[in-house]
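# Analysis of the macromolecular model
What follows is the residue order along each chain.
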Amino acid sequence: MTNNVKRFLAASLLSLMPSVALAEHYDVSGLLANRSDYVSLRPTETIKLPSGRLEGVSATLAGTTVDTFFVANWTGVNTFPGYTLVGTPNILPPNPLAPTAPPSISGVFQMGVPQLTPLTQVYYYTTNAADPTGAAKTCLWQLNIAVTGTTCSGTINMTAYGNQGVLCSIDTAQTLVDPTTCQAQVVTIIQ
C-alpha cells in the first residue's frame, strides 16, 4: 500500500475513537520520521535557546528540575495536542486548548526531569486531530537539551504542517534554558 492509502485507512479507523483520545495518541514519531511524506509549510527551523536563570519553579524531587511550556493558541478555534514527553508530568498539555486573543497565553504544561540530563521533548498542537498534516493548522516543536560537562544548552526545532495556512512561532524573549540545571522555559505560539 502507498503511504497515502495507509494514512487514509489509519485515519478512518482512528475516527472511531473519541476525538480526545485521538489527539493524545497520534503518532508523533511518524511526523518526525516521515517529514518528506507530509505537507510542510516551511522547512524545520532551529533556534538556539538563550541561557538564563529561571526562578520561582521548584524541583519536583531532589535532583530534578521542571521544564515549563507555555502555549498561545491564536487560531480562533480549539486546538488539540500530541506529544512525546520525557519525565514526570506536573501538568499535562491542555486538551483541548481554547483560543485566546494575542498576546495572551492559552495554556501551560510542565514536566519534572532529572537535572543535567540531555533530553528531547516533542509536542504539537493542531486544529484537526484527525488529519494534523492535511486539513489543519499544525505546529510541532522539539526541545533539545544538551549537556557539555556541567553546562546545559538548548535548541528548539519548529515545523508547520497542514494546508490551512498556519503561523508557528516562539517567543524568544521568554524562552530560555538555565545553564546550571538544564531547566527550560518555552513559549510557543500557533496562529
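Residues numbered from 1 in each chain as written. Predicted model: local features only at pLDDT ≥ 70, side-chain atom pairs only at ≥ 80, totals over all residues. Heavy atoms only, no water.

### A short note on the packing of aromatic side chains
Summed over all chains, the structure comprises four aromatic pairs. Centroid distance Phe69 to Phe109: 4.7 Å. Interplanar angle 10°. Geometry classified as stacked. In this pair, Phe69 is assigned in strand β2 (residues 64–73) and Phe109 in strand β5 (residues 107–114), connecting sequence segments 40 residues apart. Across the pair, Phe109 and Phe69 agree in class, each one buried. Ring geometry for Phe109 against Tyr123: centres 5.1 Å apart, planes inclined by 85°, an arrangement best described as edge-to-face. Of this pair, Phe109 sits in strand β5 while Tyr123 sits in strand β6 (residues 119–126), placing them 14 residues apart in sequence. The same class applies to Phe109 and to Tyr123, which are both buried. (Phe/Tyr/Trp six-rings, centres within 6.5 Å; stacked < 30°, edge-to-face > 60°. Helix = DSSP H or I, 4+ residues; strand = E, 2+ residues; numbered from the N terminus. Buried < 20%, exposed > 50% of the residue type's maximum accessible area, 1.4 Å probe, protein only.)

### Here's the deal with the sheet that holds strand β7 (residues 138–148)
Pairing is antiparallel across the open sheet formed by five strands, whose spatial order is β1-β8-β7-β6-β3. Two strands in the sheet have a free side with no partner beyond their single neighbour: β1 (45–48) and β3 (80–84). Shown here is a sheet whose adjacent strand axes are inclined to one another by a mean of 20°, direction ignored. As judged from the eight bridges shared by β6 and β7, these two strands associate in the antiparallel manner. Bridging from a neighbouring strand, Tyr123 pairs with Trp141 of β7. (Pairing = 2+ DSSP bridges. Axes fitted to C-alpha atoms, helices over the stretch in contact; angles between N-to-C directions.)

### A look at the state of the cysteines
Counted under the stated rule, the structure contains two disulfides. Disulfide partner of Cys139: Cys168, at an S-S distance of 2.0 Å. On the sign convention where negative is left-handed, the bridge of Cys139 and Cys168, at about -90° about the S-S bond, is left-handed. Of this pair, Cys139 sits in strand β7 while Cys168 sits in strand β9 (residues 168–170), placing them 29 residues apart in sequence. Bridging Cys152 to Cys182, the disulfide has an S-S length of 1.9 Å. Judged by the sign of its S-S torsion, about -80°, the cystine formed by Cys152 and Cys182 is left-handed. (Disulfide = S-S within 2.5 Å.)

### A closer look at the side chain of Asn144
Note on placement: Asn144 falls in strand β7. In this structure the side chain of Asn144 is engaged in a polar contact, spanning 3.3 Å, whose partner is the side chain of Thr120. The contacts of Asn144, once residues within four sequence positions are left out, are Leu119, Thr120, Ser153, Gly154, Thr155 and Asn157. (Polar contact = N/O pair within 3.5 Å; in protein donor to acceptor, adjacent residues only side chain to side chain. Contact = heavy atoms within 4.5 Å.)

### Section: the environment of Leu54
Checked against the element boundaries, Leu54 lands in the loop between β1 and β2. Residue class for Leu54 comes out buried when judged on its relative accessible area of 14%.

### Brief notes about the environment of Pro43
Following the sequence through the fold, Pro43 ends up in the loop between α3 (28–33) and β1. Put simply, Pro43 and Ala160 are 117 residues apart on the chain and 8.0 Å apart in space, counted from C-alpha to C-alpha.

### Regarding the pairing of β5
On a regular strand, one side chain projects to one face of the sheet and the next to the other, so that they alternate. Most of β5 is tucked away: six of the eight residues are buried. Taken together, the eight bridges between β2 and β5 define a ladder with antiparallel strand orientation. The residue of β5 that forms the bridge with Val66 is Gly112. Bridge count between strand β4 (residues 88–91) and β5: three bridges; the pairing is antiparallel. In the sheet register, Pro89 faces β5, and the bridge partner there is Met111.

### Remarks on the confidence of the model for the protein
Confidence in the prediction for the protein averages 81 pLDDT; 74% of positions are at 70 or higher. Ignoring residues within four places in sequence, the model shows residues 1–26, a span with pLDDT below 50, making 26 contacts including any to other chains. pLDDT under 50 marks residues 33–41. Its contacts with residues more than four places away, or in other chains, come to 24 contacts. (pLDDT = per-residue confidence, 0-100.)

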